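These are the residues of each chain, in order.
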Amino acid sequence: MNKKINSVIAKFLVVCLFLAVQSCKNETKDAKKSTESSTENVAKKVYASDVIPFFDDWKLILGDGSNVGVANNFENKDFFYTVKEGNENWVVFKSPNGGDTHGTSNNTRTELAQMKKWYPKTADDKLTATLKVMNVSATGDARVAASHAVVVGQIHSADKHENEPLKIFYKKFPGHTKGSVFWHYEINTAGDDNSGRWDYSTAVWGNDFSVVGAEENTYPEEPKDGIALGEEFSYEVAVKDGIMTLNFKSEGHETKTFTKNLIESEYTTMADIPEQTQKLFVPLGQDGVEREGAYTGEGCFFKLGAYNQTNGKSPDVNKNWCSGAETHNGDIEKQYADGNYAEVWFKTGSISVSETAVSNEGYFSKND
């Protein structure tokens, strides 16, 4: 009898031991699955530097005026993050109409600024990007040329007046399906007084900067060959031996190429000021001339992102640059809610920096 009892107890203990071992194994498997799941979630996080791996060459300025510095493995849900559309990842640059700005600008920006500067005469530097503009400001005085516009790429001078030999714009009026892409050359004003500086605008697709509304809420005719919000286009900016070459491409549109000499000015006398400028800028007292060497001897650098051209300043201050748009006193959440912001998505980008380029830290120390 005792032998039978002992045998039953032994069998029971063996079964218990087996179940305990299996339970431990299951717990280990569950823990492993949990760890794997957690690892997967971390792995799914995509940063801008994963999409376009060129961030070592830039500092990132956000739409609140702050300088993030090198933006590897960085995001900010208000201004700079990634989205996935279908099988493609995009980097989002977003900037409100009103808020803190960087440097002396009246406009907010979420924008990359190159960490090195190069000199046009000895340059062999290039910037490329593929992008689409997703939003421009819903409000703004239609008579103001900068209303409803965003700059998506630039060349900026780091020295003296800090003027801009290139700004690439996208602009679309409310109610229009198609907007315009155009580029600007800003003169490097002769002398020490930069108040007379002006831009000259060239259309790529659609209209140039000078096409504005007759009244505050009256819009010009929609461009027939324009670019819609959400429609991809690309640009290539190359500067070599003093000559800037621009290439613009978009499926279904004519490819456009332009060149501009950055070291020899064509605007050295009042007689050289173009008719477009005579109409837009001269009436505002912006009637300067350019120094003969243009941007010779000045360090220049690339910028890329969303530099919102629409702001809340009164058009009475400047009818070209002050939009009188809604800013909700700088409340970003309210601006985003009713369309008063600029948003640009970039899919690809590249930068080529010449061996003669040098540190651009002086520009940031002046403007941060």
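Refer to the structure printed above.
The text that follows walks through the structure, step by step, so that each part is easy to find. Not measured: the values here are computed from a predicted model.

A word on the side chain of His156
Alright, step 1. Relative to the elements of secondary structure, His156 occurs in strand 8 (residues 149-157).
Alright, step 2. Residue His156 is classed as buried on the basis of its relative accessible area, which comes to 6%.
Alright, step 3. For His156, the side chain forms a polar contact with the side chain of Glu164, separated by 3.5 Å.
Alright, step 4. Leaving out residues up to four positions away in the same chain, His156 has contacts with Glu162, Asn163, Glu164, Pro165, Gly299, Cys300, Phe301, Lys303 and Tyr363.

Let's talk about the packing of aromatic side chains
Alright, step 1. Under the counting rule described, the total for this entry stands at 24 aromatic pairs.
Alright, step 2. Their ring planes at 70 degrees and their centres at 6.1 Å tell us that Phe248 and Phe258 sit as a pair that is edge-to-face. Taken together, the residues Phe248 in strand 14 (residues 243-249) and Phe258 in strand 15 (residues 256-261) connect sequence positions 10 residues apart. One exposure class covers both Phe248 and Phe258, and it is buried.
Alright, step 3. Taking 6.4 Å as the distance between ring centres and 50 degrees as the angle between the ring planes, the aromatic pair formed by Phe281 and Trp321 counts as tilted. Remark: Trp321 occurs in the loop between strand 16 (300-308) and helix 4 (332-337) and Phe281 occurs in the loop between helix 3 (275-280) and strand 16; sequence separation between them is 40 residues.
Alright, step 4. Given the relative accessible area of 21%, Trp321 is considered partly exposed.
Alright, step 5. In this structure an aromatic cluster arises from ring pairing among Phe54, Phe55, Trp58, Phe74, Phe80, Phe93 and Phe346.
Alright, step 6. Between the NZ or CZ atom of Lys94 and the centre of the ring of Tyr341, over which it lies, the distance is 4.8 Å.
Alright, step 7. Across from the ring centre of Tyr307, 3.8 Å away, lies the NZ or CZ of Arg109, which sits over that ring.

Conventions used here
- Residues numbered from 1 in each chain as written.
- Predicted model: local features only at pLDDT ≥ 70, side-chain atom pairs only at ≥ 80, totals over all residues.
- Heavy atoms only, no water.
- Helix = DSSP H or I, 4+ residues; strand = E, 2+ residues; numbered from the N terminus.
- Buried < 20%, exposed > 50% of the residue type's maximum accessible area, 1.4 Å probe, protein only.
- Polar contact = N/O pair within 3.5 Å; in protein donor to acceptor, adjacent residues only side chain to side chain.
- Contact = heavy atoms within 4.5 Å.
- Phe/Tyr/Trp six-rings, centres within 6.5 Å; stacked < 30°, edge-to-face > 60°.
- Lys NZ or Arg CZ within 6 Å of the ring centre and 35° of its normal.

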